[in-house]
Amino acid sequence: MSGMVKNGALPPSLWAATATTKKEYPRLQGVHLADVVIVGGGFTGLSAALHLAEAGIKALVLEAHEPGWGASGRNGGQVIPGLKYDPDELESHFGPEVVKTAGGGPDLVFSLIEKHAIDCHPVRKGWIQPAHDSKALGTVLGRAAQWAKRGVDMEVLEKDRLDQLMGTGFYVGGWIDKRGGGIQPLSYARGLAAAAAKAGAGIHGDSPVKALSRAPAGWIVETGEATITAQKVILATNGYTDHLWPGLAKTVVPVYSFQIATRPLGDNVRRSILPEGQVASDTRRLLWYYRLDHQGRLVMGGRGPFKETPGYDDAGSLKSAISRLYPQVAEDPLEFVWAGKVAMTQDHLPHLHVLADGLYAGLGFNGRGVAMGTVMGRMLALLAGGADPRDVPFPITAMKPMAFHRLHRPAVMAIAEYYKIRDALESRFGSKAA
């Protein structure tokens with residue numbers, strides 16, 4: 001599944017092929033008033049719209065393409081608790097409320113799915129983090145212990161138990177965080193859009209925002225065919241952030257998350273891979289993340305080429321990963337190959353900004369956007385709804401564009417190649433190769 005995508009059409013992917021039916025959200029035209037305009041119709045923007053609408057605040061979502069078009073509809077669908085930092089370190093910098101907020105991301109996702117009857121094939125059997133060598137195992141066991149002392153439902157996995165849950169003997173041990181799970185991400189985005197619209201939010205596709213300016217009454221938002229006067233504006237564009245607000249795009253580095261999927265596996269083979277329904281992402285520097293979808297395909301993700309629409313020729317490294325983990329499907333043909341931009345930050349933390357009076361942004365989920373994007377939408381809704389920033393349970397930071405931002409993408413590519421070599425050496429010779 002590859003090729004050029006024209007006129008803003010949804011790029012081909014497993015999720016595009018198996019999602020719930022798309023609802024049409026018309027292009028906005030004319031002159032309008034709104035309490036809050038939200039730029040971007042991914043998890044963050046749609047979560048913000050839903051929470052604002054439920055609070056009785058008139059919100060308009062302006063999406064350049066259709067809800068879920070970006071990485072929200074093209075990610076791995078893994079609902080992972082927490083952030084890249086372990087909870088002790090996170091708490092030491094920001095306090096216990098931030099740990100609770102980040103760790104509670106899956107609770108928010110699955111509660112919204114249940115409350116709004118979102119048809120997105122949710123499975124909440126846990127997230128497994130398997131360790132690829134002994135050094136990594138020490139790290140994940142320390143992480144598991146930190147969450148355990150906070151009362152999280154988790155389990156340390158000795159190798160035999162891990163092999164049983166994973167269906168592979170590739171790893172040395174690990175842990176399972178039972179808060180996590182998996183969803184069909186594009187269906188989830190479409191469900192959030194439908195729930196927000198039902199609650200009273202305006203959702204508009206094919207409505208790219210061209211200009212943003214201050215006005216006596218707040219902000220003027222222009223699409224080329226519509227002009228909206230809003231008291232407040234939320235920027236929720238993450239990996240697709242452009243130059244609408246000066247400097248914001250330079251606070252993140254967009255990186256393509258690349259995925260492949262087999263055809264639906266036969267029952268016997270399906271039962272040999274993650275047989276109890278967990279999702280997994282490992283500890284390699286260029287990590288592999290994988291799961292079965294609701295129709296029994298093996299979905300494998302990792303770092304890939306910098307392309308919006310990759311092809312089968314780009315799938316070699318992930319096909320190799322499948323061969324190493326699950327040789328029983330090594331020869332199975334691929335059905336889908338796709339990618340989407342995720343936003344990485346220099347400090348590996350999501351960023352919540354008050355850019356100006358009545359202007360907010362939340363972005364930079366570093367590969368954990370299903371849970372954290374949903375949480376960030378709720379945080380942005382609190383701010384736009386008038387909450388005191390001191391009462392928002394997530395750190396609000398000043399925008400800091402990266403120095404030499406234009407050099408970061410080549411640097412990321414070079415580091416990725418270096419990490420690829422390190423991972424290969426460690427897999428061959430053990431952690432001493434580090």
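Residues numbered from 1 in each chain as written. Predicted model: local features only at pLDDT ≥ 70, side-chain atom pairs only at ≥ 80, totals over all residues. Heavy atoms only, no water.

(A) Main features of the environment of Lys341. Assignment of secondary structure puts Lys341 in strand 16 (residues 334-344). Looking at Lys341, the relative accessible area reads 23%, which means it is partly exposed. Taking the C-alpha atoms as reference points, Lys341 and Arg291, separated by 50 residues in sequence, lie 20 Å from one another. Setting aside its immediate chain neighbours within four residues, Lys341 contacts Ala71, Gly239, Tyr240, Pro254, Val255, Tyr256 and Glu308. (Helix = DSSP H or I, 4+ residues; strand = E, 2+ residues; numbered from the N terminus. Buried < 20%, exposed > 50% of the residue type's maximum accessible area, 1.4 Å probe, protein only. Contact = heavy atoms within 4.5 Å.)

(B) Just the packing of aromatic side chains, in detail. For the structure shown, the criterion picks out 8 aromatic pairs. Judged by centre distance (6.2 Å) and plane angle (75 degrees), the ring pair of Tyr290 and Tyr326 falls under edge-to-face. Within this pair, whereas Tyr290 is found in strand 14 (residues 289-292), its partner Tyr326 is found in the loop between helix 10 (316-325) and strand 16, the two being separated by 36 residues in sequence. Through a chain of ring-to-ring contacts, the aromatic side chains of Phe170, Tyr171 and Trp288 assemble into a single cluster. The cationic tip of Arg74 hangs over the ring face of Trp69; the distance from NZ or CZ to the ring centre is 4.6 Å. Here Arg284 stacks its cationic end above the ring of Trp288, 3.8 Å away from the centre of that ring. (Phe/Tyr/Trp six-rings, centres within 6.5 Å; stacked < 30°, edge-to-face > 60°. Lys NZ or Arg CZ within 6 Å of the ring centre and 35° of its normal.)

(C) View of the pattern of salt bridges. In the structure shown here, the tally under the stated rule is 21 salt bridges. We note a salt bridge from Arg161 to Glu276, for which the minimum N-O separation is 3.8 Å. Linking Arg161 in helix 7 (residues 159-166) with Glu276 in the loop between helix 9 (267-270) and strand 13 (279-281), this pair joins segments that are 115 residues apart in sequence. The class for Arg161 is partly exposed, based on a relative accessible area of 27%. Judged by its relative accessible area of 35%, Glu276 falls in the partly exposed class. Note that Arg297 is salt-bridged to Glu335, the shortest N-O span being 2.9 Å. One end of the pair, Arg297, is in the loop between strand 14 and strand 15 (298-303); the other, Glu335, is in strand 16, and 38 residues separate them in sequence. What makes Arg297 buried here is its relative accessible area of 5%. (Salt bridge = Lys/Arg side-chain N within 4 Å of Asp/Glu carboxyl O.)

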